[in-house]
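Residue strings, one per chain:
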Amino acid sequence: MRRVRYARVVRVLKLCTSDDLAGDLADDARAYRVAERTIREATGEDVQTTLKAIWPDRALPDVVENWLVRYQPDLVLFVVSGYWMTFESVSLRLERRLGRLGRWLGRAGERAARIPGSESAAGRALRTGLRRVVGADAAFTPEEVISVVEACIRRVLSRESVGLVVRAPLVALVHNENARGRARGERRLAEVDAALQQLCSRLSVEYVTREAANPYGGDETRLLADFVHSGEESHRVRGLAEGAALAAVWNRQHEMATPAV
């Protein structure tokens, strides 16, 4: 006798970045909504997503553990951001080198970057010049990102009933850099991507590749005016890839029995 499959709500915990939350996009056009529709079509289940923005410091594994307890997800999507190890900030360099004074100068610089015209060609050129004179730091090294992400992955995998998908870092945010800076950012991105792809293969974790989620590469026309966050088309493609991966994990974990007739 065939078993009847009762409809349920699939709870997805998306560990995301500001790219899933920022910008003047309709909610229905965002990647997580596209992914929900993709999962629904592939599984026949309703889907509910909880978005939690993450930052890969040493506290993140414990934070993820708490969210697993609080939200009891069926599926977790862990988004790895290229921003963490490729975006180089003058403000961060000043803060690390000059302490409190550097922090004050860095905040002043951030405020200046938000004034009208700061995203113009002249504003971007000014910031590029400052990077070359003062220097700039990325928030994390590739090794730090890899270590924290692995710790989080293992926390999720310790819960056998929870399906996990990891999405590759997609873009090196280096468009304001010279050729040497762009090459440095691309190396960091590739290092993290390769390490995480190998880790996920070893642990049998579904991995959404850069090519699947971002076939445009570093095309700046796909970014919003801040040159950091993605536009609608990029959300659509990314959501399709993320949703397909989540649906595949769900279908592997749950037998899709046909209702008895």
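About the cut-offs
- Residues numbered from 1 in each chain as written.
- Predicted model: local features only at pLDDT ≥ 70, side-chain atom pairs only at ≥ 80, totals over all residues.
- Heavy atoms only, no water.
- Helix = DSSP H or I, 4+ residues; strand = E, 2+ residues; numbered from the N terminus.
- Buried < 20%, exposed > 50% of the residue type's maximum accessible area, 1.4 Å probe, protein only.
- Contact = heavy atoms within 4.5 Å.
- Areas by Shrake-Rupley, 256 points an atom, 1.4 Å probe, with all protein chains shown as cover.
- Expected span 1.5 Å × (residues − 1).
- Arc of directions from axis to C-beta.
- Axes fitted to C-alpha atoms, helices over the stretch in contact; angles between N-to-C directions.
- Parallel < 35°, antiparallel > 145°, perpendicular 65-115°, else oblique.
- Left-handed = near helix turned anticlockwise from the far one by under 90°.
- Nonpolar A, V, L, I, M, F, W, Y, C, P; charged D, E, K, R; others polar.
- Salt bridge = Lys/Arg side-chain N within 4 Å of Asp/Glu carboxyl O.
- Polar contact = N/O pair within 3.5 Å; in protein donor to acceptor, adjacent residues only side chain to side chain.

Each helix and strand in the protein was counted, giving nine helices and seven strands. Among the 261 residues that make up the protein, the fraction classed as buried is 46%. Counting contacts in the protein only where the partners sit at least 6 residues apart, residues at least 24 apart contribute 79% of the total. Accessible surface, the protein: about 13,600 Å² in total, of which carbon and sulfur atoms supply 51%.

If you check helix α2 (residues 60-71), its first and last C-alpha atoms are 16 Å apart, about what 12 residues at 1.5 Å a residue would give, namely 16 Å. For α2, the full list of buried residues reads Leu60, Pro61, Val64, Trp67 and Leu68. End-on, the buried residues of α2 take up no more than an arc of 120 degrees, which puts them together on one face. Every exposed residue of α2 that faces more than 90 degrees away from the buried side is listed here: Asn66 and Arg70. Tucked inside the fold, the buried residues of α2 contact β1 (9-16), β2 (46-53), β3 (75-79) and α6 (142-157). Phi for glutamine 72, located one or two positions after α2, is positive at around 45 degrees.

Attention now goes to the packing of α2 against α6. One way to put it is that α2 packs onto α6 with a least axis distance of 9 Å and a crossing angle of 25 degrees. For the element pair α2 / α6, the angle class is roughly parallel. For the pair α2 and α6, the crossing hand works out as right-handed. Across the interface between the two elements, Leu60, Pro61, Asp62, Val64, Glu65 and Leu68 of α2 pack against Val148, Ala151, Cys152, Arg155 and Val156 of α6. Its residues assigned to classes, the contact of α2 with α6 shows eight nonpolar, no polar and three charged.

The subject of this paragraph is the pattern of salt bridges. Pairing of side chains with opposite charge becomes possible as their charged atoms draw close. This structure, assessed with the given rule, holds 17 salt bridges. Among the salt bridges present, the one from glutamate 36 reaches arginine 33, with a minimum N-O distance of 2.9 Å. In this pair, glutamate 36 and arginine 33 are both assigned in helix α1 (residues 31-43), three residues apart and thus about one turn of the helix distant. Arginine 33 gets classed as partly exposed once you look at its relative accessible area, which sits at 28%. With its nearest N and O atoms 3.1 Å apart, the salt bridge here joins glutamate 65 to arginine 159. A residue pair is termed long-range when its members are at least 10 positions apart, and glutamate 65 in helix α2 and arginine 159 in the loop between α6 and β6 (163-167) qualify at 94 residues.

Relative to the elements of secondary structure, threonine 43 occurs in helix α1. From its side chain, threonine 43 meets the backbone oxygen of isoleucine 39 in a polar contact 2.8 Å long. Among the polar contacts made by the side chain of threonine 43, one reaches the main-chain amide nitrogen of glutamate 45 at a distance of 3.1 Å.

What follows concerns the environment of leucine 189. Looking at where leucine 189 falls in the secondary structure, it is placed in helix α7 (residues 179-203). Among all residues touching leucine 189, those that are not within four sequence positions of it are Gly82, Met85, Thr86, Pro169, Leu170, Val171, Ala172 and Arg210.

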